[in-house]
Amino acid sequence: FYPGKMIYSVYIINKAGGLIYNEQFNYNKQVEECTFSQHPIPLLLSVDAGRVVVKFGECGNVKPGFSIMSINKAPVNGTFTRSGQPIMEVVNDPKAYPLTVSFGRGKIGANEKLMLASTFHSLYAISSKISPVEKSSGIRMMETDEFVLHCFQTITGVKFFIIVDHKQTACEPLLHRIYQLYTDYVLKNPFYLIDMPIRCELFDQNMKKIIDQVERANVYNSATLS
């Protein structure tokens, strides 16, 4: 991720589990290059959301979720090489080797965002039911090797969650500030229909303003925000 960039994305999910807002502020542009001398390669690939994605296996820093960005230094176009040949045909052709393939993580597609929102909504509900704590509030934080997810649910069931770097602190106040923006610029908008996708320029502008302030300070401090 870009140096100093701590907040990767913001999601808002309605009470039914539908994605009504998402903004991806920073994403990983890291590119990893692997040279394969012969077929088969130690990676299981598949076509997903208009990309050729690693589903299983590792090669150096390349892990599941990475997609093919170029073959033999030539950038690919979705699931095709620059010359128009399907990438999967090239990778599965023993005569095409050796191959130098670059992998990276691109921006999440629209369908993937919808699936992510729906999956998290289901996990949240499951965690609330299986928790040994009575009247559990559900998932408030999930931590992985590469990021941390923080979530806040309102009393009406709307979920706000952010995906941030491990170094980002005081995420709960940030979530509450985003909720305040939601009530000020979305719910008070007479043209907004509850639980529908958010299309509000003032909301977008103030969201980006807060994210910029947080990233400049590297830590959230409500006293510094206007």
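Residues numbered from 1 in each chain as written. Predicted model: local features only at pLDDT ≥ 70, side-chain atom pairs only at ≥ 80, totals over all residues. Heavy atoms only, no water.

K.L.:
With reference to specific residues and values, describe the pairing of strand S11 (residues 159-164).
P.N.:
Burial analysis of S11 places six of its six residues in the buried class, the great majority of the element. Residues of S11 alternate between two faces, with Lys159, Phe161 and Ile163 on one and Phe160, Ile162 and Val164 on the opposite face, all of them buried. Both strand S1 (residues 7-13) and S11 contribute to a ladder of six bridges, which runs antiparallel. Pairing of Ile7 across the sheet is with Val164, part of S11. Across six bridges, strand S10 (residues 148-153) lies against S11 in antiparallel orientation. Counted as the bridge partner of Gln153 is Lys159 from S11. The antiparallel hairpin formed by S10 and S11 contains five residues in its connecting segment, where Gly157 sits at a positive phi of about 95°. (Buried < 20%, exposed > 50% of the residue type's maximum accessible area, 1.4 Å probe, protein only. Helix = DSSP H or I, 4+ residues; strand = E, 2+ residues; numbered from the N terminus. Pairing = 2+ DSSP bridges.)

K.L.:
Could you give me a rundown of the side chain of Ser127, with the residues and numbers involved?
P.N.:
Within the secondary structure layout, Ser127 lies in helix H2 (residues 110-130). Residues contacting Ser127, with those up to four places away along its chain left out, are Ser136, Gly138 and Ile139. (Contact = heavy atoms within 4.5 Å.)

K.L.:
Explain the environment of Val91 residue by residue, including any values.
P.N.:
One can find Val91 in helix H1 (residues 87-91). Separated by 34 residues in the primary sequence, Val91 and Ala125 place their C-alpha atoms 41 Å from one another.

K.L.:
How would you summarise the confidence of the model for the protein chain if you had to cite specific residues and measurements?
P.N.:
The share of residues in the protein chain with pLDDT of 70 or more is 91%, and the mean pLDDT across the chain is 87. Low pLDDT, under 50, characterises residues 219-224; the stretch is placed with twelve contacts to residues that sit more than four places away or in other chains. (pLDDT = per-residue confidence, 0-100.)

K.L.:
Break down the sheet that holds strand S9 (residues 141-143) for me, citing the residues and quoting the values.
P.N.:
The strand order across the open sheet formed by five strands is S2-S1-S11-S10-S9, and the pairing between neighbours is antiparallel. The open sheet has two edge strands with one neighbour each: strand S2 (19-24) and S9. Adjacent strand axes in the sheet meet at a mean angle of 10° when their direction is disregarded. Packed onto the sheet, H2 meets S1, S2, S9, S10 and S11 and runs at close to 115° relative to S2. Together, S1, S10 and S11 form the strand contacts of helix H3 (residues 171-187), whose direction differs from that of S11 by roughly 135°. (Axes fitted to C-alpha atoms, helices over the stretch in contact; angles between N-to-C directions.)

K.L.:
Can you lay out the packing of aromatic side chains for me, pointing to particular residues and giving the numbers?
P.N.:
Given two aromatic rings, one states the distance between the centres and the angle between the planes to describe the pair. For the coordinates displayed, the defined rule picks out nine aromatic pairs. Seen from their ring centres, Tyr21 and Phe203 are 5.0 Å apart, and the 80° between their planes marks the pair as edge-to-face. You can see Tyr21 sitting in strand S2 and its partner Phe203 sitting in helix H4 (residues 201-217), a full 182 residues away along the chain. Taking NZ or CZ as reference, Lys159 lies 4.9 Å from the ring centre of Tyr124, over its face. (Phe/Tyr/Trp six-rings, centres within 6.5 Å; stacked < 30°, edge-to-face > 60°. Lys NZ or Arg CZ within 6 Å of the ring centre and 35° of its normal.)

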